[in-house]
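Chain and residue survey
Residues per chain are reported as follows:
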Amino acid sequence: MPIDPRVSVNPMCTVASSVDEVLAVWNELDIHRVGLSAIQLNAQGWDPWLKAIKDTDLDVVYLNYGIRAEVTNDSAWKQDESTLLRMVDAAAELDAECIYFSPGPPGQARWEEAVDRLGAQLSRVIVAANERHIAIGLENTVSSRPELGFLHSVRDAMTAARQLGVGVCVDLYGCWVEPRLVQTLRDNVELIHLVQVSDFVVGTLVQPNRWVPGDGDLPLERLLNDVLDAGYDGVLDLELLGPAIVAEGPRSALARGTQWMTDVLQRRRG
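Here's a quick rundown of the structure. The structure presented is a predicted model; accordingly, all values stated were derived computationally and were not measured. (Residues numbered from 1 in each chain as written. Predicted model: local features only at pLDDT ≥ 70, side-chain atom pairs only at ≥ 80, totals over all residues. Heavy atoms only, no water.)

Before going further, it helps to examine the pairing of strand β7 (residues 192-197). The buried count for β7 comes to 5 of 6 residues, which makes it a mostly enclosed element. For strand β6 (residues 167-171) and β7, the ladder comprises 4 bridges, and the chain directions are parallel. Paired with V170 across the strands is V195, a residue of β7. Remark: the β6/helix α8 (residues 181-187)/β7 crossover connection has right-handed handedness. Of the pairings in the sheet, the one linking β7 to strand β8 (residues 236-238) comprises 3 bridges and is parallel in character. What sits directly across from V197, in β8, is L238. As a crossover connection, the stretch from β7 through helix α9 (residues 220-229) into β8 is right-handed. (Buried < 20%, exposed > 50% of the residue type's maximum accessible area, 1.4 Å probe, protein only. Helix = DSSP H or I, 4+ residues; strand = E, 2+ residues; numbered from the N terminus. Pairing = 2+ DSSP bridges. Right-handed = clockwise from strand over helix to strand, strands pointing away.)

This is the structure in structure tokens:
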């Protein structure tokens, strides 16, 4: 069965693979909508990746990144700013809709100060993205990964996004028991640029460790319906990484994950 056109595939599943290996997997599985990882492109070279992608008919929806510099560390943030600006240029070059990222750790700052500092660090990136008509999404992250960010709920991500004049990438992996989530989604649906989907096995202590949808304990179909009922009409992104995915292999995991998401969308359409 063809993959539903609303489904995209996150690059983190194959972030350690070469461009030729990644393209082979996507081609074999008839994957058309994808994202690119700035981490992978920084490591392997932007030019070879962009050239290879432009020689295909892939629809690149976004570029992503994981900021590791503390938001209060101006000198360390310079490198992250450089990468984010490169992402904006690449997104425009590939006709991608957005870039998204987790905001990095807050250092010793209180939450409110961390958001203020994030806005200052992102000022040039926001200007560049607005000039190129590229959306920016802040990703909510689980509290067990504080090295990735300090936006530990969709509500907090929405609050920060409104203050900074950007949008949000909603990661369902990190919000499945968030209070008043349905209302938050409905009240802020225009800020949502991407929705990420993966499963979690309760009791897992290793991070990151995402499972193929349907293999874990999350109420993913209900969560997807909550997002869609709120009026979100964009892409649903399959993000898989960690030991369970490595053990299974990306081909099998991506095939099963895209099929699960396609089945859910078809059931919804009746």
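We now examine the packing of aromatic side chains. With the rule as written, the count across this model stands at 2 aromatic pairs. On the numbers, 5.7 Å between centres and 90° between planes, the contact of Y173 with F200 is edge-to-face. Taken together, the residues Y173 in the loop between β6 and α8 and F200 in the loop between β7 and α9 connect sequence positions 27 residues apart. By relative accessible area, Y173 is classed as buried at 4%. The exposure class of F200 is buried, given its relative accessible area of 13%. Above the ring of Y173, the side-chain terminus of R210 is found at 4.1 Å from the ring centroid. (Phe/Tyr/Trp six-rings, centres within 6.5 Å; stacked < 30°, edge-to-face > 60°. Lys NZ or Arg CZ within 6 Å of the ring centre and 35° of its normal.)

Enumeration according to the criterion identifies 20 salt bridges in this entry. In this structure, D171 and R210 form a salt bridge, with 2.7 Å as the shortest nitrogen-oxygen distance. Here R210 lies in the loop between β7 and α9 and D171 lies in strand β6, a separation of 39 residues in the sequence. Judged by its relative accessible area of 2%, D171 falls in the buried class. R210 serves as the salt-bridge partner of E239, at 3.2 Å between the closest nitrogen and oxygen. Taken as a pair, E239 in the loop between β8 and α10 (243-248) and R210 in the loop between β7 and α9 lie far apart in primary sequence, 29 residues in all. For the pair E239 and R210, a shared accessibility class is recorded, and that class is buried. Among the ionic contacts, a cluster of salt bridges with common partners joins R33, D59 and E97. (Salt bridge = Lys/Arg side-chain N within 4 Å of Asp/Glu carboxyl O.)

Here we take up helix α11 (residues 250-269). Between its first and last C-alpha, α11 extends 28 Å over 20 residues, near the 28 Å set by a 1.5 Å rise per residue. Among the residues making up α11, those that are buried are A253, L254, G257, T258, W260, M261, T262, V264 and L265. Where α11 is buried, its residues meet β1 (7-9), α1 (19-28), β7, α9, β8 and α10. Positive phi shows up at G270, right after α11, with a value of about 80°. (Expected span 1.5 Å × (residues − 1). Contact = heavy atoms within 4.5 Å.)

Take the state of the cysteines next. Here the structure, examined in full by the defined rule, presents 0 disulfides. No disulfide involves C13; its sulfur sits 16 Å from that of C169, the nearest cysteine. On the basis of relative accessibility, which here comes to 13%, the residue C13 falls in the buried class. (Disulfide = S-S within 2.5 Å.)

Looking now at unusual backbone geometry. At the junction of Q207 and P208, the peptide bond is cis and its omega measures out at 0° in the coordinates. By the element assignment, P208 lies in the loop between β7 and α9. Of note in this structure, H133 is not a glycine but carries a positive phi near 60°. Take H133: its relative accessible area is 71%, and that puts it in the exposed class. One non-glycine residue, R180, lies in positive phi territory at about 55°. Of note, R180 is situated in the loop between β6 and α8.

Here the focus is the environment of Q183. Relative to the assigned elements, Q183 resides in helix α8. According to the relative accessible area criterion, Q183 is partly exposed, its value standing at 41%. Sequence-wise, Q183 and G216 are 33 residues apart; in three dimensions their C-alpha atoms are separated by 25 Å.

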